[in-house]
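Chain residues, written in single-letter form:
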Amino acid sequence: MEDSKLDNFIICKKCHTLHRKIKLHHGTKALCQQCNTLLYRHHQNFIDRLLALSLVEFIALIIAFSFTIIKININGIYRGLDFSSIFYTIFHNHYYIVGIIVLFFIFIFPIVILLSLILALILMKLKRFKYLVKRLLILIAKLSHWSMIDIFLLSILVAMVKLFDYAQLEFSVAFIALILVILLDIFTLKRVSFSDMWEEYENIYRKSDSKR
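Keep in mind the model is a prediction, meaning the values are calculated, not measured. (Residues numbered from 1 in each chain as written. Predicted model: local features only at pLDDT ≥ 70, side-chain atom pairs only at ≥ 80, totals over all residues. Heavy atoms only, no water.)

What follows deals with the pairing of strand S6 (residues 77–81). Walk down a regular strand and you will see the side chains alternate between the two sheet faces. Of all 5 residues that make up S6, 0 are buried, and the element is exposed over most of its length. Relative to S6, strand S5 (residues 70–74) runs antiparallel, the two being bridged by 5 bridges. In the strand pairing of S6, Ile 70 is matched with Leu 81. (Buried < 20%, exposed > 50% of the residue type's maximum accessible area, 1.4 Å probe, protein only. Helix = DSSP H or I, 4+ residues; strand = E, 2+ residues; numbered from the N terminus. Pairing = 2+ DSSP bridges.)

Quick look at the structure:
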């Protein structure tokens, strides 16, 4: 009973002011009365939209991991930069700890996060396996801070600036896919708050449990 009463309130993540949650109309959002920070939004077709974006992001991520990111031409010598060559170079030079860290932060964690999100959204759409969905959402919340593929793209851009003076650079499809991954990630895991996902989770399975 106490938990259900607490569900009617939300705390501002910036100033920690307590607010009573109200039902919003389509396209509207609730802001903190003290600091004007966004508290929550009204999302129409929340599950379908987020699932579609997540699937597109996953496809773009596979493309980014599978093809050459940049082709470098230095005095007629061509060298392609892709994920496999990056990991090979790191491990070949015996930087095993660095290689493992990079492998997890820019390869394993992003894939696990996206697969967990896609599976959780599909199960929420089917209104099945409540406990599994809960564990997946917790896993996503814990791992989302450790996905650093955006930092990887930033490091590539910095390296490109240094190479412009004495090398010709040719962007490949993986570079465009990588940018698309970052843009979609900003929306799916940055713009859409976990409180929205948890609220959708509670609404779906509360209705599902009440029908039994």
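Okay, back to it.
Here we come to the pattern of salt bridges. Applying the stated criterion across every chain, the model contains 1 salt bridge. We note a salt bridge from Asp 48 to Lys 125, for which the minimum N-O separation is 2.6 Å. Residue Asp 48 is located in helix H2 (residues 46–66), and its partner Lys 125 is located in helix H4 (residues 96–126); the two are separated by 77 residues in the primary sequence. Accessibility expressed as a relative area gives 46% for Lys 125, which makes it partly exposed. (Salt bridge = Lys/Arg side-chain N within 4 Å of Asp/Glu carboxyl O.)

Taken together, the side chains of Leu 119, Phe 129 and Leu 132 make up a nonpolar region of the molecular surface, amounting to roughly 280 Å² of accessible area. Within the secondary structure, Phe 129 sits in the loop between H4 and helix H5 (130–143). (Patch = residues over 30% accessible without salt bridge, like charges linked within 9 Å, V, L, I, M, F, W, Y side chains within 5 Å. Areas by Shrake-Rupley, 256 points an atom, 1.4 Å probe, with all protein chains shown as cover.)

This part covers the nonpolar core. Counting 28 residues, the largest nonpolar core has Ile 69, Ile 70, Phe 83, Phe 152, Ile 156 and Leu 178 as its most contacted members. Secondary structure elements with two or more residues in this core: H2, S5, helix H3 (83–92), H4, helix H6 (149–163) and helix H7 (173–191). Contacts of Ile 156, omitting those with residues within four sequence positions, involve Ile 69, Ile 70, Phe 175 and Leu 178. Core analysis: the next-biggest nonpolar cluster, separate from the first, contains 21 residues, Ile 47, Phe 109, Leu 136 and Ile 140 among them. (Core = buried A, V, L, I, M, F, W, Y, C linked by side-chain atoms within 4.5 Å. Contact = heavy atoms within 4.5 Å.)

Distances and angles like these do not, on their own, reveal function.
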